[in-house]
Amino acid sequence: MSNYAVVNPATGEKVREYEEISDADLDAAIARADAAYRSWTASTTVAERAALIRRVGELHEERREELAEIVVREMGKPVEQALGEVDFTAEIYAYYAGNAEALMADEPIELLDGEGTAVVRRSAFGVLLGIMPWNFPYYQVARFAAPNLVIGNPILLKHAPQCPESAEAMQRIFDDAGFPEGAYENVYASNEQIEAVIADPRVHGVSVTGSERAGAAVAETAGRNLKKVVLELGGSDPFILLGSDDLEAAATAAAEARLDNAGQSCNAAKRFIVADELYDEFLEKFKAILAASQPGDPTSEDTEVGPLSSETAADRLEDQVKRAIDAGAEVVVGGKRDGNFFEPTILTGIEPGADASQEEFFGPVAQLYRVGSEEEAVELANQTPFGLGSYVMTTDREQAERVADRIEAGMVYVNLVGADSPELPFGGFKRSGFGRELGRYGADEFVNKKLIRSA
């Protein structure tokens, strides 16, 4: 039986099962990708590859309703959010198409001594393996595929087992955009097969977005085979509220940062750290917003919170909430599960350092903490194994600079949420992984930065 299947999380219905790739067909896919690297990459210009990527973005725009319907069915994303994901995905392809030549331009180096010139020339790295998650089926692929295909790195793409239909739809898009055979290859591969792909000498690097466990397993295999790896893993991002002229707006921003995609985002705000003098009023407003944001039918345009992506995801979140309560946490609002639907929930009374404070809650559950000072807020924010994103809310510009500088995270957003953009680098450190996607830095992970020194 295949692991690749569409199971509608809102209804539990298995819509369709997809056959896993055979070892022979997987080897043939690797061979096609390798052939593309040796022929297509060498015979095309950056501008020509950028034109293909531009067409990929255009096809996402043209097929946005169809693509959105697929992810609503696959992982329960509310339809308006699904459409928004497709639109953002198209923007990423457009960004890399429009900036490809600048990103790949020679970089002159000023010599300290001697005559002549020195430049760093960026060129293709080789065939890459991408291992993608289910929570943003199109956006995650675009972050990886867009820069690497304009660079000339052919892609082998293993999507999450619960996203085979969106993976199939993207393969059609790359084919219809005019990419040659082997430039972009979707593979319904098992974890065991993926180990062999990473070890294959024709594959030069691997990028993973997913869990700590998946990232560690891939990095171990990649390390044994001396392959470069980029990891974008979990997060438990702090939302630090130290000052506000409008607590209603702050609570609305907090809810947006927690509830998007039913809270199933690596860089969602998950731990809300609030100054003592703002805590009580913020809690009342935050609680009212979450209580009003009840889960609903993801096909409805009015739904803000859909189901969790699967029964497994709902089981895991339910267990985390139960363990937190057993350890002394209090449910202020929500806390109930109905099938794969989980109420937006606020937990208070979690002790710093407790298991709940160290885990990633992948769903609409917010942890709320009261602090007495800026120092305490920063200390608590950093008291986590993760270091992906963070949010700082304050009316004091100097305080914002101080706190942003001290937060142990790859990204800090000051006085705004939902501000991701194609030109902004995305990534973290500590147990949230390493490497960057998007922007200039996303296009610099898998390139050969060749020094050319001339007399």
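Okay, so let's go over this structure. (Residues numbered from 1 in each chain as written. Predicted model: local features only at pLDDT ≥ 70, side-chain atom pairs only at ≥ 80, totals over all residues. Heavy atoms only, no water.)

**Brief notes about the overall build of the protein chain**
(1) Moving on: Along the protein chain, the regular secondary structure elements total 16 helices and 20 strands.
(2) Moving on: On C-alpha atoms alone, the protein chain measures out to a radius of gyration of 23 Å, which is about the 23 Å that the 2.2 N^0.38 rule sets for 455 residues.
(3) Moving on: With the C-alpha coordinates of the protein chain rotated into their principal frame, the extents come out at 65 × 60 × 40 Å.
(4) Moving on: Within the protein chain, the proportion of its 455 residues that are buried is 56%.
(5) Moving on: Of the contacts made within the protein chain by residues no fewer than 6 positions apart, 72% connect residues no fewer than 24 positions apart.
(6) Moving on: Accessible surface computed for the protein chain: about 18,700 Å², of which carbon and sulfur atoms make up 48%. (Helix = DSSP H or I, 4+ residues; strand = E, 2+ residues; numbered from the N terminus. Rg over C-alpha atoms; globule rule 2.2 N^0.38 Å. Buried < 20%, exposed > 50% of the residue type's maximum accessible area, 1.4 Å probe, protein only. Contact = heavy atoms within 4.5 Å. Areas by Shrake-Rupley, 256 points an atom, 1.4 Å probe, with all protein chains shown as cover.)

**Re a negative patch on the surface**
(1) Moving on: On the surface, a cluster of negative charge is contributed by Glu80, Glu301, Asp302 and Glu304.
(2) Moving on: With respect to the helices and strands, Asp302 occurs in the loop between α11 (276-292) and α12 (311-326).
(3) Moving on: A residue is classified by how much of its surface remains accessible, and Asp302, at 71% relative accessible area, is exposed. (Patch = residues over 30% accessible without salt bridge, like charges linked within 9 Å, V, L, I, M, F, W, Y side chains within 5 Å. Salt bridge = Lys/Arg side-chain N within 4 Å of Asp/Glu carboxyl O. Lys, Arg positive; Asp, Glu negative; His and termini not counted. Charge placed at Lys NZ, Arg CZ, Asp CG, Glu CD.)

**Topic: helix α8 (residues 191-199)**
(1) Moving on: Turning to α8, its buried residues are Gln193, Ile194, Val197 and Ile198. Within α8, the buried residues cover an arc of 145° as seen down the axis, which keeps them to one side.
(2) Moving on: Buried residues along α8 sit against α1 (23-38), β5 (127-131), β6 (155-158), β8 (203-209) and α9 (212-224). (Arc of directions from axis to C-beta.)

**Quick look at the packing of helix α4 (residues 64-75) against helix α5 (residues 79-103)**
(1) Moving on: At a closest axis distance of 8 Å, the pairing of α4 and α5 adopts a crossing angle of 125°. Taken together, the axes of α4 and α5 lie oblique to each other. Judged by the twist between their axes, the crossing of α4 over α5 is right-handed. Contacts between α4 and α5 involve Arg64, Glu65, Leu67, Ala68, Val71 and Val72 from the former and Val79, Ala82, Leu83, Val86 and Asp87 from the latter. (Axes fitted to C-alpha atoms, helices over the stretch in contact; angles between N-to-C directions. Parallel < 35°, antiparallel > 145°, perpendicular 65-115°, else oblique. Left-handed = near helix turned anticlockwise from the far one by under 90°.)

**Considerations on unusual backbone geometry**
(1) Moving on: Of note, Asn261 is a non-glycine position whose phi angle comes to about 60°, a positive value.
(2) Moving on: By secondary structure assignment, the location of Asn261 is in the loop between α10 (247-259) and β11 (269-275).
(3) Moving on: Not every positive phi belongs to a glycine, and Lys430 is a case in point at roughly 55°.
(4) Moving on: For Lys430, the location among the structural elements is in the loop between β18 (413-414) and β19 (433-434).
(5) Moving on: Given a relative accessible area of 30%, Lys430 falls into the partly exposed group.

**Overview of the sheet that holds strand β4 (residues 117-124)**
(1) Moving on: Reading across the sheet, the 3 strands line up as β3-β4-β20 and stay open at both edges, with antiparallel pairing between neighbours. Edge strands, defined here as strands with exactly one partner in the open sheet, are β3 (107-108) and β20 (447-454).
(2) Moving on: In this structure, β3 lies alongside β4, joined through 2 bridges in antiparallel fashion. Paired with Pro108 across the bridge in β4 is Val119. (Pairing = 2+ DSSP bridges.)

**Details of the sheet that holds strand β17 (residues 391-393)**
(1) Moving on: Across the sheet, which stays open at both edges, the 7 strands sit in the order β12-β15-β16-β11-β10-β17-β18 with mixed pairing between neighbours. Only two strands of the sheet have a single partner each, and these edge strands are β12 (330-333) and β18.
(2) Moving on: Inspection of the sheet shows strand β10 (residues 237-241) paired to β11 by 5 bridges, in the parallel sense. By the bridge assignment, Phe239 is partnered in β11 with Phe272.

**Quick notes on empty space enclosed by the protein**
(1) Moving on: Within the structure shown, the criterion is met by 2 cavities of 30 Å³ or more.
(2) Moving on: Reported here for the largest cavity is a volume of approximately 70 Å³.
(3) Moving on: Along the walls of the largest cavity sit 16 residues, with Pro238, Ala381, Thr384, Phe386 and Glu408 positioned nearest its centre.
(4) Moving on: Space inside the second largest cavity adds up to approximately 60 Å³. (1 Å grid on protein atoms, 1.4 Å probe; cavity = no way out; pocket = protein on both sides within 12 Å on 5 of 7 lines; lining within 4 Å. Points joined across faces, edges and corners; volume = space filled by probe spheres on them.)

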